[in-house]
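What the coordinates show
Spelled out, the chains give:
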Amino acid sequence: MAEVTLHGVSKAYGGTQVIHDVSLEVAQGEFVVFVGPSGCGKSTLLRMIAGLEEVTGGDVLIGGQRVNDTAARDRGVAMVFQNYALYPHMSVRDNMAFGLRNMGTARADIDRRIAKAAGILQLEPYLDRKPRAMSGGQRQRVAIGRAIVREPEVFLFDEPLSNLDAALRVQMRTEIAKLHHALGATMIYVTHDQTEAMTMADRIVVLRAGRIEQVGAPLELYERPANLFVAGFLGSPKMNFLRGRVAVAQGSDIGIDLAGGVRLPARVRPGSVRQGDEVTLGLRPENLGVAPDGELRGHVDVVEQLGSVQLVYATVPDGTTVVAELRDRRAPAVGSEVPLVIGPGIRHVFDADGAAVTLPEGDLP
Amino acid sequence: MTAAARPATRSPRGRSRSRGWLTALLFLAPFLAVYLVLLVYPLFLGIWISFRDWDLMAGDYGPVGLLNYQDLWTDPVFWRSTRNTLYFALLTVPSMTIIAMLLALAVQGPGRIRAICRSVFFLSSVFSVTVVTLVWQMVLAPDRGLIAPIVQFLGFTPVNYLGSTTWAMPAIVVTTLWWGVGLPMALFLAALGSIPKELYEAAELDHASRWSVFWRITLPSIRHTVILVIVLQIVAQFQIFGQPFLMTQGGPANSTRSLVQYIYETSFRDWLVGYGAAMAMVLFGMMLVFSMLQLWLGRQGDDR
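Keep in mind it's a predicted model, so treat the numbers as computed, not measured.

1. A short note on the overall build of chain B
Of regular secondary structure, chain B possesses 15 helices and two strands. In terms of overall dimensions, chain B is more spread out than a globule: its C-alpha atoms have a radius of gyration of 25 Å, far above the 19 Å expected for 304 residues. The principal-axis extents of the C-alpha atoms in chain B amount to approximately 80 × 70 × 35 Å. Taking the contacts inside chain B whose residues are at least 6 apart along the sequence as the reference set, 68% of them involve residues at least 24 apart. Carbon together with sulfur atoms contributes 71% to the accessible area of chain B, which is approximately 18100 Å² in total.

And the structure:
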């Protein structure tokens, strides 16, 4: 186990900068998830920690040691690849033993570690199989097993579940989380799936275009997104954004005028916006409902029935589509005009540059 | 999908099947015609001729049973040519495979210099056998050749390689390697390129040495290409003809006369087509056996 520290890390391919000055501390035993859309540099960043990509600026530290110029093999990291990267000509046992044999681990020790990993991952019946005779989920288990037996300082996962089907993904998600609890090892996990990030992480690192947008615990990011990007990226269905203008601003209390002549109160950091400023109001779908006294008028386009909840997609006067998550079973008819009511939850406010100006505390229920 | 499949299942089973066959045959017809006329027919014609006393000028004297094959048994030149052909194949096939693989390993990957090297190494395959043998005759010439000064510099007397019973065959082997290494190299390059790079990254994290990476990852991954190259080389090198025919005319003292050259001379210089055909059948049999053996060896361990 070791902590991982990034100090102003950057990466350029030729003249193209793909990672910009990233600084981050991952504590010992922490489960950190890098999340972001494809091309945001999350995999590159992980591969730089692994030593599979050269660091062109800044420092990478593992366990307090600067490892910029240390070969990948000597960094004490184990990596689980998206396409498993199992050695196709070796049995499951040999796949797991390969690294240990190369390091000169004693035979009895190798056998003990493989037996232990196989036990954790329920791989005992498959130890003598070749990878091609196994399903995707089993292969992914082997890939994880290969990492476990190494007993590394840091586990690195590069989108390990994206080749699995939805049901298996959910199952493996729980298993990896369990594994983290059992091993207590430092783990860095890359995914483009915000659900994986929300469910597994101790802390989430949201990346966009090679920059860190925000770092924090899942709920912290969900409830206090620092900007429009993070607000829109985390949460499913995504947050509703309504454009408006500040009509009145008194201290932390403001009134926002939306299209259709609706004025909504919200609370912001004092002085962060002025009267007349363009702002974006962010409302989570669960903070939007249908009720007779609703302030907003919406034209219902689609109703999605999910069983426990239903999602109502409606067009509001300024033309944007909003999603409301309803818990009761009485769905409004498609094509009807309904009043939309804003719940007691947080009304996120973003200034013209997209930065959150929502009052940090107070608005929480 | 089911909707699209329905009309087919509704029509009588037998009729739809025969229609399918007809369509398949129609598409195969152009290839089949060429294949039957230019490959299958000559093969069986060759077998048939090998059992007859057929003089190219005087015509067919009728069947002679196994007489042509009996004559082979006591023909010293046939045995000499067979031995030469086997010796040539033994020298060429393994070295060609290994050199092609080493070259491919050296020039694979990114980089301008590697790209240039790939083209250069492949380029020699473009030349015709006449050009290649001419070039190498000049290279090997004992007086003004390319090698002579090097040999002299090292303190030895230059040898007339193509005039030596010991060195003529190795010289032809070297010429053949230089000429033919391009295609197997290209095959190896394609195979190497298809190995996922994550395997190498995983091996790096697994502390694998370069040696261990080659033996445990690269070689198993390109095994099928290795087999393919060896079989192609066996088929190609057993038919060695142009290089010795142009460089040594089979000499000195029959030391480079190949089976194909002897078949050619028997059939088209001495006009004994029946006898030549019998030899061709023996060559065909040898190539078949060696190729099948190689394929069979290659399949071992595939299903485990």
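2. Re the pattern of salt bridges
Taken as a whole, this structure holds 23 salt bridges over all chains when the rule is applied. Arg47(A) serves as the salt-bridge partner of Glu201(B), at 2.5 Å between the closest nitrogen and oxygen. Within this pair, whereas Glu201(B) is found in helix α10 (residues 197–205), its partner Arg47(A) is found in helix α1 (residues 42–50), the two belonging to separate chains. Of the two residues, Glu201(B) and Arg47(A), neither departs from the other in class, the shared state being buried. The structure contains a network of salt bridges with shared partners spanning Lys11(A), Arg47(A), Glu53(A) and Glu201(B).

3. As for the sheet that holds strand β10 (residues 211–216) of chain A
As a general point, the strands of a sheet are linked pairwise by backbone hydrogen bonds and lie either parallel or antiparallel. All names here are of chain A. Taken in spatial order, the six strands of this open sheet run β6-β7-β8-β3-β9-β10, and their pairing is mixed. The open sheet has two edge strands, β6 (77–80) and β10, and neither has a second partner. On average, each strand axis in the sheet is inclined to that of its neighbour by 20 degrees, with strand direction left out of account. In this structure, strand β7 (residues 154–158) lies alongside strand β8 (residues 186–191), joined through five bridges in parallel fashion. Note on β8: the bridge partner recorded for Leu156 is Ile188.

4. Topic: the domain arrangement of chain A
Residue and element names in this part refer to chain A. Taken domain by domain, chain A comprises domain 1 (4–232) and domain 2 (237–350). Each of domain 1 and domain 2 was reduced to a C-alpha centroid, and the two centroids are 38 Å apart. Counting residues at the interface gives nine residues for domain 1 and nine residues for domain 2. If you sort the residues of domain 1 by the area they bury against domain 2, Tyr222, Leu228 and Ala231 come out on top, with a joint share of 59%. Applying the counting criterion to the domain 1 and domain 2 interface returns two residue pairs in polar contact (both at pLDDT 80 or more). Of all the secondary structure elements, the ones that give two or more residues to the side of domain 1 that touches domain 2 are α7 (218–223) and α8 (228–233).

5. Notes on the sheet that holds strand β4 (residues 57–62) of chain A
Residue and element names in this part refer to chain A. Spatial strand order, β2-β1-β4-β5: four strands in an open sheet with antiparallel pairing. The sheet is open, and its two edges are formed by β2 (16–26) and β5 (65–66), each paired on a single side. Pairing geometry for strand β1 (residues 4–13) and β2, over seven bridges, is antiparallel. Among the inter-strand pairings, Ala12 is bridged to a residue of β2, identified as Gln17. Along the sheet, α1 makes contact with β1, β2 and β4, crossing β1 at roughly 115 degrees.

6. Here we look at the nonpolar core
Among the nonpolar cores identified, the biggest contains 92 residues, and Leu6(A), Phe34(A), Leu45(A), Leu156(A), Ile188(A) and Ile222(B) are the most heavily contacted of them. Sorting elements by how many residues they give to this core places helix α4 (residues 76–107) of chain B first, with ten residues. The contacts of Leu156(A), once residues within four sequence positions are left out, are Leu46(A), Ile49(A), Ala50(A), Val77(A), Ala78(A), Met79(A), Val80(A) and Ile188(A). In terms of nonpolar packing, the next biggest core, distinct from the first, is built from 46 residues, Val142(A), Phe157(A), Leu221(A) and Leu234(A) among them.

7. Concerning the interface of chain A and chain B
At the junction of the two partners, chain A supplies 25 residues and chain B supplies 18 residues. Taking both partners together, chain A and chain B bury about 2000 Å²; carbon and sulfur atoms supply 54% of that area. Of all residues in chain A, Arg73(A), Tyr87(A) and His89(A) give up the largest surface area on contact with chain B, accounting jointly for 30% of the area buried on that side. Applying the counting criterion to the chain A and chain B interface returns three salt bridges. A salt bridge links Asp206(B) to Arg150(A), with the shortest nitrogen-to-oxygen separation between them at 3.3 Å. Here chain A is connected to chain B by twelve residue pairs in polar contact (both at pLDDT 80 or more). Among the elements of the structure, α1, β6 and α2 (92–102) of chain A are those that each provide at least two residues to the side of chain A that touches chain B. With three residues, the single largest contributor to the side of chain A that touches chain B is α2(A). Class assignment for the residues of the side of chain A that touches chain B results in 14 nonpolar, four polar and seven charged.

8. Things to note about the packing of helix α5 (residues 112–123) of chain B against helix α9 (residues 182–193) of chain B
Residue and element names in this part refer to chain B. Running from N to C, α5 and α9 cross one another at 140 degrees; their axes reach a closest spacing of 8 Å. Both α5 and α9 take part in a crossing whose hand is left-handed. Counted together, Arg118, Phe121 and Phe122 of α5 and Gly182, Leu183, Met185, Ala186 and Leu189 of α9 form the full contact between these two elements. Classifying every residue of the contact of α5 with α9 by side-chain character gives six nonpolar, one polar and one charged.

9. What about the environment of Glu124(A)?
Residue position: Glu124(A) is located in the loop between α3 (107–121) and α4 (136–149). Taking the C-alpha atoms as reference, Glu124(A) lies 9.5 Å from Arg93(A); in sequence the two are 31 residues apart.

Rules used in this analysis
Residues numbered from 1 in each chain as written. Chains lettered and ligands numbered in written order. Predicted model: local features only at pLDDT ≥ 70, side-chain atom pairs only at ≥ 80, totals over all residues. Heavy atoms only, no water. Helix = DSSP H or I, 4+ residues; strand = E, 2+ residues; numbered from the N terminus. Rg over C-alpha atoms; globule rule 2.2 N^0.38 Å. Contact = heavy atoms within 4.5 Å. Areas by Shrake-Rupley, 256 points an atom, 1.4 Å probe, with all protein chains shown as cover. Salt bridge = Lys/Arg side-chain N within 4 Å of Asp/Glu carboxyl O. Buried < 20%, exposed > 50% of the residue type's maximum accessible area, 1.4 Å probe, protein only. Pairing = 2+ DSSP bridges. Axes fitted to C-alpha atoms, helices over the stretch in contact; angles between N-to-C directions. Domains from an automatic or database assignment. Buried area = accessible area lost by both parts, 1.4 Å probe. Polar contact = N/O pair within 3.5 Å; in protein donor to acceptor, adjacent residues only side chain to side chain. Core = buried A, V, L, I, M, F, W, Y, C linked by side-chain atoms within 4.5 Å. Nonpolar A, V, L, I, M, F, W, Y, C, P; charged D, E, K, R; others polar. Left-handed = near helix turned anticlockwise from the far one by under 90°.

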